[in-house]
Amino acid sequence: LAKTTQPISMDSYEGQEVNITCSHNNIATNDYITWYQQFPSQGPRFIIQGYKTKVTNEVASLFIPADRKSSTLSLPRVSLSDTAVYYCLSSSYNQGGKLIFGQGTELSVKP
Amino acid sequence: GAVVSQHPSWVICKSGTSVKIECRSLDFQATTMFWYRQFPKQSLMLMATSNEGSKATYEQGVEKDKFLINHASLTLSTLTVTSAHPEDSSFYICSARDPPSDYEQYFGPGTRLTVT
């Protein structure tokens with residue numbers, strides 16, 4: 001499982017677009033990238049997942065360049081309720097679903 | 001989406017006693033469940049993989065005799081913290097995979113354990 005590196009913290013203001021970049025230089029061919037959101041004293045919540053190029057859902061977009069050594073989670077027009085810790089993980093279908101969490105990025109959205 | 005529940009949501013126990021935490025998949029069958037521990041201001045640490053009908057697989061450094069895991073049915077896994085000590089106080093979270101979307105995991109709400 002590739003190790004991921006992301007900024008420890010980020011600050012933003014309501015209504016702004018937030019981009020959190022994750023580095024995964026040693027990502028394997030079978031690995032895919034998943035982002036989770038966690039609020040204090042709650043379990044993580046799935047946000048988005050992708051293998052390459054761009055994936056978009058109702059809450060976020062995920063950009064993965066061709067070399068797949070990094071990925072960027074984009075949160076459009078954040079609100080105060082988006083204040084949380086965001087985790088980037090790489091995992092493989094062949095690893096039995098095991099997820100190894102890195103340090104995460106603590107996003108603080110201010111009014 | 002699939003729902004995973006945990007019970008209890010919080011528990012306080014005395015040092016030396018054992019505590020059981022339940023993890024249930026409510027609307028799907030989970031052949032594999034995972035147990036994590038999270039200390040304040042830290043990331044989740046994978047403790048073990050729970051497989052229905054077989055022994056759990058523990059991560060390096062996790063004491064299997066202290067953290068007993070049982071996955072007796074396709075919807076229930078239990079984690080028992082035996083002879084709990086204050087340093088076992090933590091937030092315990094389980095997750096489950098939902099076949100056929102095996103790559104997606106759903107997390108429970110967590111259980112706050114405080115050992116006094």
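No experiment lies behind these values; they were computed from the predicted model shown.

Residues Phe67(B) and Leu113(B) are the most contacted members of the largest nonpolar core, which totals 27 residues. Elements with a contribution of two residues or more to this core: strand 2 (10–13), strand 3 (19–25), strand 4 (32–38), strand 5 (45–51), strand 7 (67–73), strand 8 (76–81), strand 9 (90–98) and strand 11 (111–115) of chain B. Residues within four places of Phe67(B) in sequence aside, it is in contact with Arg37(B), Met47(B), Tyr58(B), Val62(B), Leu79(B), Thr80(B), Val81(B), Asp88(B) and Tyr92(B). The next biggest cluster of nonpolar side chains, apart from the first, holds 19 residues, and it includes Val18(A), Ile20(A), Leu75(A) and Tyr86(A).

The next point concerns the side chain of Thr80(B). Residues and elements named next belong to chain B. Examined against the element boundaries, Thr-80 turns out to sit in strand 8. For Thr-80, a relative accessible area of 15% corresponds to the buried category. Not counting the four nearest positions on each side in its chain, Thr-80 is found in contact with Ser-18, Val-19, Lys-20, Lys-66, Phe-67 and Leu-68.

With that out of the way, let us pick up unusual backbone geometry. Among all residues save glycine, negative phi is the norm, and among peptide bonds the norm is trans. Pro8(B) follows His7(B) through a cis peptide bond whose omega is 0°. Looking at the secondary structure, you find Pro8(B) in the loop between strand 1 (4–7) and strand 2.

For chain B, mean pLDDT is 92; residues scoring 70 or higher make up 95% of the total. Within chain B, the element-level pLDDT minimum falls on strand 10 (residues 101–107) of chain B, averaging 74, and the maximum on strand 11 of chain B, averaging 98.

So, on to the state of the cysteines. Here is the idea: a disulfide is a covalent bond, and it sits between the sulfur atoms of two cysteines. A full pass over the atoms with the stated rule returns two disulfides over all chains. Between the sulfur atoms of Cys22(A) and its disulfide partner Cys88(A) the distance amounts to 2.1 Å. The sign of the -80° torsion about the S-S bond sets the Cys22(A)-Cys88(A) disulfide as left-handed. One end of the pair, Cys22(A), is in strand 2 (residues 18–23); the other, Cys88(A), is in strand 8 (residues 84–92), with 66 residues separating them in the sequence. Across the pair, Cys88(A) and Cys22(A) agree in class, each one buried. Disulfide partner of Cys23(B): Cys94(B), at an S-S distance of 2.0 Å. Disulfide Cys23(B) to Cys94(B): torsion about the S-S bond roughly 80°, handedness right-handed. Here Cys94(B) lies in strand 9 and Cys23(B) lies in strand 3, a separation of 71 residues in the sequence.

Our focus in this paragraph is the pattern of salt bridges. On inspection of all chains with the given rule, the structure shows four salt bridges over all chains. Between Asp11(A) and Lys110(A) there is a salt bridge, with the nearest N and O atoms lying 3.7 Å from each other. Taken together, the residues Asp11(A) in strand 1 (residues 9–13) and Lys110(A) in strand 9 (residues 105–110) connect sequence positions 99 residues apart. Using a relative accessible area of 55% as the deciding quantity, one classes Asp11(A) as exposed. The partner of Glu106(A) in a salt bridge is Lys41(B), and the shortest N-O contact between them spans 3.9 Å.

Okay, the sheet that holds strand 6 (residues 61–64) of chain A next. Residue and element names in this part refer to chain A. Overall, antiparallel pairing links the four strands, which are arranged 2-7-6-5 in an open sheet. Edge positions in the sheet fall to strand 2 and strand 5 (53–56), since each of these pairs with one other strand and no more. Here the average twist between neighbouring strands, direction ignored, is 15°.

Looking now at the sheet that holds strand 1 of chain A. Sheet strands pair via backbone hydrogen bonds, and the direction of the pair is either parallel or antiparallel. All names here are of chain A. An order of 1-9-8-3-4 is seen for the five strands of this open sheet, with the pairing classed as mixed. In this open sheet, the two strands that pair with only one neighbour each are strand 1 and strand 4 (45–50). Taking the axes of each pair of neighbouring strands and ignoring which way they run, one obtains an average angle of 25° across the sheet. For strand 3 (residues 31–38) and strand 8, the ladder comprises eight bridges, and the chain directions are antiparallel. Note on strand 8: the bridge partner recorded for Ile-33 is Ser-90.

Cut-offs and rules
Residues numbered from 1 in each chain as written. Chains lettered and ligands numbered in written order. Predicted model: local features only at pLDDT ≥ 70, side-chain atom pairs only at ≥ 80, totals over all residues. Heavy atoms only, no water. Core = buried A, V, L, I, M, F, W, Y, C linked by side-chain atoms within 4.5 Å. Buried < 20%, exposed > 50% of the residue type's maximum accessible area, 1.4 Å probe, protein only. Helix = DSSP H or I, 4+ residues; strand = E, 2+ residues; numbered from the N terminus. Contact = heavy atoms within 4.5 Å. pLDDT = per-residue confidence, 0-100. Disulfide = S-S within 2.5 Å. Salt bridge = Lys/Arg side-chain N within 4 Å of Asp/Glu carboxyl O. Pairing = 2+ DSSP bridges. Axes fitted to C-alpha atoms, helices over the stretch in contact; angles between N-to-C directions.

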